Amino acid sequence: MEKIVLPDIKNFHKIDVYIVNGGYSAAKKAFAQSPDDIIDQVKKSGLRGRGGAAFSAGLKWSFMPKTSAKPKYLCINGDESEPGSFKDRQIFEFNPHQLIEGILITAYAIGAKIAYVYIRGEYHKWIKLFNIALEDAYSQGYVGEKMKQKFGTEFYCDIFIHKGAGAYICGEESALMNSLEGKRGYPRIKPPFPAQNGLWGCPTTINNVETITNVPPIINKGWEWFSAIGEQKHPGTLLYGISGHVNKPGVYELPTGTLLTDLIYKYGGGVPGDKKVLCVIPGGSSMPPIRGDQIEGVKMDAESLKTVGSAIGTAGVMVMDEDTDLVKVLARIAKFYYHESCGQCTPCREGTGWMLKILNRIIAGNGSISDIDLLISVANNIEGNTICALGEAAAWPVKYMVTRFRDYFEKRVSKEVVLPVANKVHSMRGTAIPLADIKT
Ligand SMILES: Cc1cc2nc3c(=O)[nH]c(=O)nc-3n(C[C@H](O)[C@H](O)[C@H](O)COP(=O)(O)O)c2cc1C
Ligand code: SF4
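Just so we're clear, the structure is a prediction, and the values are computed from it rather than from any experiment.

Surveying the vicinity of ligand 1 reveals 19 residues, the closest of which are Gly51, Lys60, Glu80, Asn208 and Thr211. Threonine 211 places a polar side-chain atom, nitrogen or oxygen, 2.7 Å from an oxygen atom of ligand 1. In terms of residue count, strand β4 (residues 204-208) provides more of the shell around ligand 1 than any other element does, three residues in total. Considered class by class, the residues forming the shell around ligand 1 number five nonpolar, eight polar and six charged.

This part covers the site of ligand 2. Looking at ligand 2, there are 13 residues lining it, with Cys342, Cys345, Cys348, Thr386 and Cys388 nearest. Placement of ligand 2 is best described as lying within the largest cavity. Partitioning the shell around ligand 2 into residue classes produces eight nonpolar, five polar and no charged.

What follows is about the sheet that holds strand β8 (residues 250-255). Across the sheet, five strands lie side by side as β8-β7-β13-β10-β11; this open sheet has mixed pairing. A strand with exactly one partner marks an edge of an open sheet, and here the two such strands are β8 and β11 (290-291). Sheet topology note: the strand β7 (residues 237-244)/β8 ladder contains six bridges and is antiparallel. Each residue of the ladder has a partner; that of isoleucine 242, found in β8, is glycine 250.

A few words now on the domain arrangement of the protein. What the domain assignment reports for the protein is domain 1 (15-228), domain 2 (236-321) and domain 3 (326-418). The straight-line distance from the C-alpha centre of domain 1 to that of domain 2 is 27 Å. Facing the 15 residues of domain 1 at the interface are 20 residues of domain 2. Interface area, domain 1 with domain 2, both sides summed: about 1300 Å², of which 58% is carbon and sulfur. Our count for the contact surface shared by domain 1 and domain 2 stands at one salt bridge.

Grouped together as the largest cluster of nonpolar side chains are 59 residues, with contacts concentrated most on Tyr24, Trp61, Leu99, Ile100, Ile103 and Ile159. At nine residues, helix α6 (residues 96-110) tops the list of elements feeding residues into this core. If we skip the residues at most four places from it in the chain, isoleucine 100 touches Tyr24, Phe130, Ala133, Leu134, Ala137, Val143 and Ile159. Ala175, Phe336, Leu359 and Ile382 belong to the second-largest nonpolar core, a separate cluster that totals 54 residues.

Another point: helix α15 (residues 326-340). The end-to-end C-alpha distance of α15, which contains 15 residues, comes to 21 Å, matching closely the 21 Å that a straight helix rising 1.5 Å per residue would cover. Within α15, the full set of buried residues consists of Leu326, Val327, Val329, Leu330, Ala331, Ile333, Ala334, Phe336, Tyr337 and Glu340. The N-capping residue of α15, defined by a side-chain oxygen 3.1 Å from the backbone nitrogen of valine 327, is aspartate 325.

Moving on: the packing of helix α3 (residues 35-45) against α6. Direction vectors running N to C along α3 and α6 enclose 120 degrees, while the axes themselves pass 7 Å from each other. In this structure, α3 meets α6 at a crossing whose hand is left-handed. Residues Pro35, Ile38 and Ile39 of α3 pack against Ile105, Tyr108 and Ala109 of α6. Here the contact of α3 with α6 is built from residues that sort into six nonpolar, no polar and no charged.

The next point concerns α6. For α6, with 15 residues, the first-to-last C-alpha span of 21 Å sits near the 21 Å given by 1.5 Å per residue. Of all 15 residues making up α6, 15 are buried, and the element is well covered by its neighbours.

This part takes up empty space enclosed by the protein. Evaluated as defined, the whole model comprises two cavities of 30 Å³ or more. As a volume, the largest cavity reaches approximately 70 Å³. As for the largest cavity, its lining consists of Ile169, Pro187, Ser341, Cys342, Gln344, Cys345, Cys348, Thr386, Ile387, Cys388, Leu390 and Gly391. Of the residues contributing to the lining of the largest cavity, the split by class is eight nonpolar, four polar and no charged. There is about 50 Å³ of room inside the second largest cavity. Taken together, Gly49, Arg50, Lys87, Glu210, His234, Leu238, Ile312, Gly313, Thr314 and Ala315 make up the full set of residues lining the second largest cavity. When the residues that make up the lining of the second largest cavity are grouped by side-chain class, the tally is three nonpolar, four polar and three charged. Formed jointly, the lining of the second largest cavity draws a minimum of three residues from each of two domains, domain 1 (15-228) and domain 2 (236-321).

The rules behind the values
Sequence order as written defines the numbering, with residues in each chain counted from 1. Chain labels run from A onward and ligand labels from 1 onward, assigned in the order the entries are written. It should be noted that, the model being predicted, local features are given only for residues of pLDDT at least 70 and side-chain atom pairs only at 80 or more, the latter also being counted only at that level, while totals for whole chains, interfaces and linings use all residues. To get the side-chain values, take all heavy atoms of the structure and skip hydrogens and water. Each residue is tested against the molecule or strand, and it is near if at least one of its non-hydrogen atoms lies within 4 Å. Pairing of N or O atoms within 3.5 Å defines a polar contact, subject to two protein rules: one partner must be a possible hydrogen donor and the other a possible acceptor, and residues neighboring in sequence count only if both atoms are side-chain atoms. Per the convention used, a helix needs a DSSP run of H or I reaching at least four residues, while a strand needs a run of E reaching at least two, with both numbered from the N terminus. For this classification, Asp, Glu, Lys and Arg are treated as charged, while Ala, Val, Leu, Ile, Met, Phe, Trp, Tyr, Cys and Pro are nonpolar and the rest, including Gly, are polar. Here a cavity is any set of points on a 1 Å grid over the protein atoms alone where a 1.4 Å probe fits but cannot get out, and a pocket is any open set with protein on both sides within 12 Å along at least 5 of 7 lines; a residue lines the site when it has an atom within 4 Å of a point. Pocket or cavity membership: a molecule qualifies when more than half of its atoms sit within 2 Å of the grid points of that site. One bridge is not enough; two strands pair if DSSP finds at least two bridges between them. Each domain's limits were defined by an automated method or a database of domain assignments. Contact criterion: two residues are considered in contact whenever any of their non-hydrogen atoms come within 4.5 Å of each other. Note on definitions: buried area is the accessible-area loss of two parts on being combined, 1.4 Å probe, summed for both. Think of a salt bridge as a Lys or Arg side-chain nitrogen and an Asp or Glu carboxyl oxygen that are within 4 Å of each other. Joining through side-chain atoms within 4.5 Å is the link that ties buried Ala, Val, Leu, Ile, Met, Phe, Trp, Tyr and Cys residues into a set, and such a set is a nonpolar core. Relative accessibility thresholds used throughout: buried, under 20% of the residue-type maximum; exposed, over 50%; partly exposed, between the two (1.4 Å probe, protein chains only). Here, expected helix span is obtained from the residue count minus one, scaled by 1.5 Å. In this description, a line fitted to the C-alpha atoms serves as the axis of each element, helices being fitted only across the stretch in contact, and the angle between N-to-C directions of two axes falls anywhere from 0 to 180 degrees. The hand of a helix crossing depends on one turn: near helix anticlockwise from the far one by less than a right angle means left-handed, and clockwise means right-handed. Grid points are joined across faces, edges and corners, and a volume is the space filled by probe spheres set on the points.

In structure tokens form, the structure reads like this:
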């Protein structure tokens, strides 16, 4: 299978190797066309955002005003802080120039002369690597004012790296813009949307790292080529990050619509000890979990996952075997969202804490059947009642884990479930951690 985002080319991260393999030719091709033509091709390609919501990239770009008295901005979201998501850092490390080229083309299409790449603060290694690539691109005239000479165009664009400071909420696009402005990372009430009123009140487009890395091949090979890969309504490839109870955790670039069972058994190498799969979260910790006995035939793309009541999110697949303590897993997830809530909205600020308290009560052996219904009620009261989607991110895993594994939770509160002695969960990097070491 041809790879689009992470091609199997040795030293592709180096600018010379990238150029020898056709690098920066898509930008040249794009600058010879009108910005509207570029937007049109990306729209027709069917490229959808890889940052969680799977929104059409071309459509989003078309929301930018054609003329503006104010400057326009492009923000690239590399905050990547969702548990179970570790794909964008592969691009910073192995294909930074395709990202840079995608930024140039996108900036040209929307009329931005400045782009910010917001990178998760803990990604020291990847910030360094991306910075090296950016410096090389600048020194060879592919970025900045020298672009005019290099590409023979009036258009040029500067790219700045901005390091996050450890808050998951700054991955939410409006919090990201506040953070870039030097303010506290509070999400903004929408509308107005970023295309109208974004960074410093100016028209802004925000896209994920993987989304933008897809752009140069679309321009070079054509939208028809891209739209024929994978699933028709969500074409292309995805960087599937597989973690948890699999023999070969990692990031695998495969077409959209790849079977979930293939990800687990063919690419992920199966479950250690040939144990059964109890639960899978298909798109990062905020997405609705699926029961292990319902994964047969499930395709991994935005539309197919809807049919089984889940979503593609960031395509971070978290696998849990039959010996996993789901209550502890859920409490750990709940603790994350409780910790990361920015506190602006009462349902999210209070509800995340309540869910954690109830789950801890069940873990301590003091839970009751009414606690199960209370968990669902709290989750329902958060969902749809908050400024940003962290509310849903916190509510969904709780609501759907509890409803889909109600039998498990009922047995647990009635103390019928006997947990195995050597019960373990895996970290996102696939390292086994004894559950006792996870403080809830
Ligand atoms: C709490 C929260 C955290 C998010 N974190 C990220 C992130 O780390 N990276 C990302 O690309 N999108 C993240 N998003 C989604 C962004 O708000 C935005 O939709 C995305 O960057 C748009 O890019 P795309 O259209 O290319 O997917 C997050 C959303 C929420 C609600
Ligand atoms: S939903 Fe949570 S994280 Fe989002 S703005 Fe409200 S309190 Fe903050």
